[in-house]
Each structure stands twice: as structure tokens, then as C-alpha cells.
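# Observations on chain architecture
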Amino acid sequence: MSTAHDLEPFLKETNVQIRDALNTDLEGILLIYNDAVQNSTAIWNDHCVDLANRQAWLAERHAQGYPVLVAIDEGGRVAGYASFGPWRPHDGFRHTVENSVYVSPDHRGSGIGRSLMKALIERARMLEKHVMVAFIESENRARCTCTSSSASSTSARCARSAASSAAGWT
């Protein structure tokens, strides 16, 4: 696995430090994750999780050799996080990953998501991943804008997603 040292060109964008996540960052990641569950359709999950869930998630990502990056603000708080993992279990997709990028409500619109995405793309290149996909719910305008401004393209658009309590669907 590459390290944050390999990402030095991305470390100081938007007044945050982007680095590999540590166990001590998990409480901040948990707050951002649960906020997205409760207040958006960005996470395809209807239920908040606990710290043990995020600990298991981080350990699994590390065991698989996949990165979890955090953006740390000037106050030392987790302002956002990003990761990627396997997209599909078939051999033909071994060079394809699915990404996730989340930013705390207090930092949205500041460019942190874009900075995390740049660092994530660089990490994917280091790990010889050639395709990165994201399933972004169409109401997630910030993520659609961030993704469209990076080296990506939209190949499909879903008019409506599955039931989500955050969207008020049942």
C-alpha cells in the first residue's frame, strides 16, 4: 500500500491535510457517515452505524490493500474522507474500483471533495487500477459537479433510486 508521503502534491489544498486515515480518525468519519445516512441519499444505507462498524470497515479496507484517506482541517478535525474498494468480484473487474467521497456539512463547497478525489485517483494509479466508478444519486448535486470536473464521464443516469428514508420514500 502506498503512503501519504506518495501524495505530497495533494497535501495542502484547500487548507486541509490529506493523509491516510488512522483509527483515531474514525470518530470523525463516523459523524460524517451518519450525517449522510440521516440527511441525504448519498450513502445507500438507511441506518446509522456505530464506531465498531467503522473500525471493521477500516480494517477490511486495509486488509484488502485499499486506501482510506482523510482531509484534516486546521483545527485537527476530520473534514472529509474518501476510499475505494472492489467494484465487482469477477476477475475481469480486478482493475476497477468503486469510490466514495464524503465531506462534513461544515466544509461542503470548500473544494475538499475535489481534493480528496484527486488524491484518490492518484492512489488508484499507484495501485494499477484503471477504472474508477461511482454510483451517485442524482440529487447529490455537489458530488455530480465534483465528479464532472475531474477526469471522468457519465455513462448512465438513474432517474430515481431505490427507497430511501432520507429522501422520504417508502
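These remarks concern the structure in this document. (Residues numbered from 1 in each chain as written. Predicted model: local features only at pLDDT ≥ 70, side-chain atom pairs only at ≥ 80, totals over all residues. Heavy atoms only, no water.)

### What to know about helix α1 (residues 26-39)
The terminal C-alpha atoms of α1, which comprises 14 residues, lie 20 Å apart, in line with the 20 Å expected from a rise of 1.5 Å per residue. For α1, the buried fraction is high: 10 of the 14 residues fall into the buried class. Taken together, the buried positions of α1 are occupied by Leu26, Gly28, Ile29, Leu30, Ile32, Tyr33, Asn34, Asp35, Ala36 and Val37. Where α1 is buried, its residues meet α2 (51-64), β2 (68-72), β3 (78-86) and β4 (96-103). (Helix = DSSP H or I, 4+ residues; strand = E, 2+ residues; numbered from the N terminus. Expected span 1.5 Å × (residues − 1). Buried < 20%, exposed > 50% of the residue type's maximum accessible area, 1.4 Å probe, protein only. Contact = heavy atoms within 4.5 Å.)

### Some details on unusual backbone geometry
For Glu128, which is not glycine, the phi torsion reads 60° and is therefore positive. Classification of Glu128 by relative accessible area gives exposed; the value is 54%.

### Looking at the environment of Arg77
Its location among the elements puts Arg77 in the loop between β2 and β3. The exposure class of Arg77 is exposed, given its relative accessible area of 52%.

### Looking at the side chain of Lys129
Tracing the backbone shows Lys129 in the loop between α3 (112-126) and β5 (131-133). With no salt bridge to any partner, buried Lys129 finds its closest opposite charge in Glu128, at an N-O distance of 8.3 Å. In terms of polar contacts, Lys129 uses its side chain to reach the backbone carbonyl oxygen of Arg94, at 2.8 Å. (Lys, Arg positive; Asp, Glu negative; His and termini not counted. Salt bridge = Lys/Arg side-chain N within 4 Å of Asp/Glu carboxyl O. Polar contact = N/O pair within 3.5 Å; in protein donor to acceptor, adjacent residues only side chain to side chain.)

### Examining the sheet that holds β2
Pairing is mixed across the open sheet formed by 5 strands, whose spatial order is β1-β2-β3-β4-β5. In this open sheet, the two edge strands, each paired with only one partner strand, are β1 (17-20) and β5. Within this sheet the neighbouring strands show an average axis-to-axis angle of 25°, counted without direction. Packed onto the sheet, α1 meets β2, β3 and β4 and runs at close to 80° relative to β3. Against the sheet, α2 makes contact with β2 and β3, and its axis sits at roughly 50° relative to β3, the strand it touches most. (Pairing = 2+ DSSP bridges. Axes fitted to C-alpha atoms, helices over the stretch in contact; angles between N-to-C directions.)

### Some points on the environment of His47
Inspection of the secondary structure assignment puts His47 in the loop between α1 and α2. Once the C-alpha coordinates of His47 and Val37 are considered, the two residues, 10 residues apart in sequence, prove to be 6.6 Å apart.

### Considering the nonpolar core
Of all hydrophobic cores here, the largest spans 19 residues; its most connected members are Ile29, Ile43, Val70, Tyr81 and Tyr102. Mapped onto this core, the elements with two or more residues apiece are α1, α2, β2 and β3. With 7 residues, the top contributor of residues to this core is α1. Val70 has contacts with Gln17, Ile18, Arg19, Asp20, Ala21, Asp25, Ile29, Val78, Gly80, Tyr81 and Leu116, leaving out every residue within four places of it along the chain. (Core = buried A, V, L, I, M, F, W, Y, C linked by side-chain atoms within 4.5 Å.)

### Focus: α2
A rise of 1.5 Å per residue sets the reference length of α2, with its 14 residues, at 20 Å; its end C-alpha atoms lie 20 Å apart and thus fit the reference within 8%. Turning to α2, its buried residues number three or more, namely Arg54, Trp57, Leu58 and Arg61. The buried residues of α2 occupy an angular sector of 95° when projected down its axis, which confines them to one face. Check the buried side of α2 and you find it contacts α1, β2 and β3. One or two steps after α2, the chain reaches Gly65, where phi turns positive at roughly 80°. (Arc of directions from axis to C-beta.)

### As for the packing of aromatic side chains
Enumeration over the complete set of coordinates arrives at 4 aromatic pairs. Judged by centre distance (5.8 Å) and plane angle (75°), the ring pair of Trp57 and Tyr81 falls under edge-to-face. Highlighted residues: Trp57 in helix α2 and Tyr81 in strand β3, separated in sequence by 24 residues. With respect to class, Trp57 is no different from Tyr81; both count as buried. The interplanar angle of 85° and the centroid separation of 4.9 Å between the aromatic rings of Trp87 and Phe93 together place this pair among those described as edge-to-face. Overall, Trp87 belongs to the partly exposed group, its relative accessible area being 32%. Overall, Phe93 belongs to the partly exposed group, its relative accessible area being 27%. An aromatic cluster is defined as three or more aromatic residues linked by ring pairs; in this entry it consists of Trp57, Tyr81 and Tyr102. One cation-aromatic arrangement involves Arg88 over Trp87; the distance from NZ or CZ to the ring centre is 4.4 Å. (Phe/Tyr/Trp six-rings, centres within 6.5 Å; stacked < 30°, edge-to-face > 60°. Lys NZ or Arg CZ within 6 Å of the ring centre and 35° of its normal.)

Geometry only, nothing functional implied.
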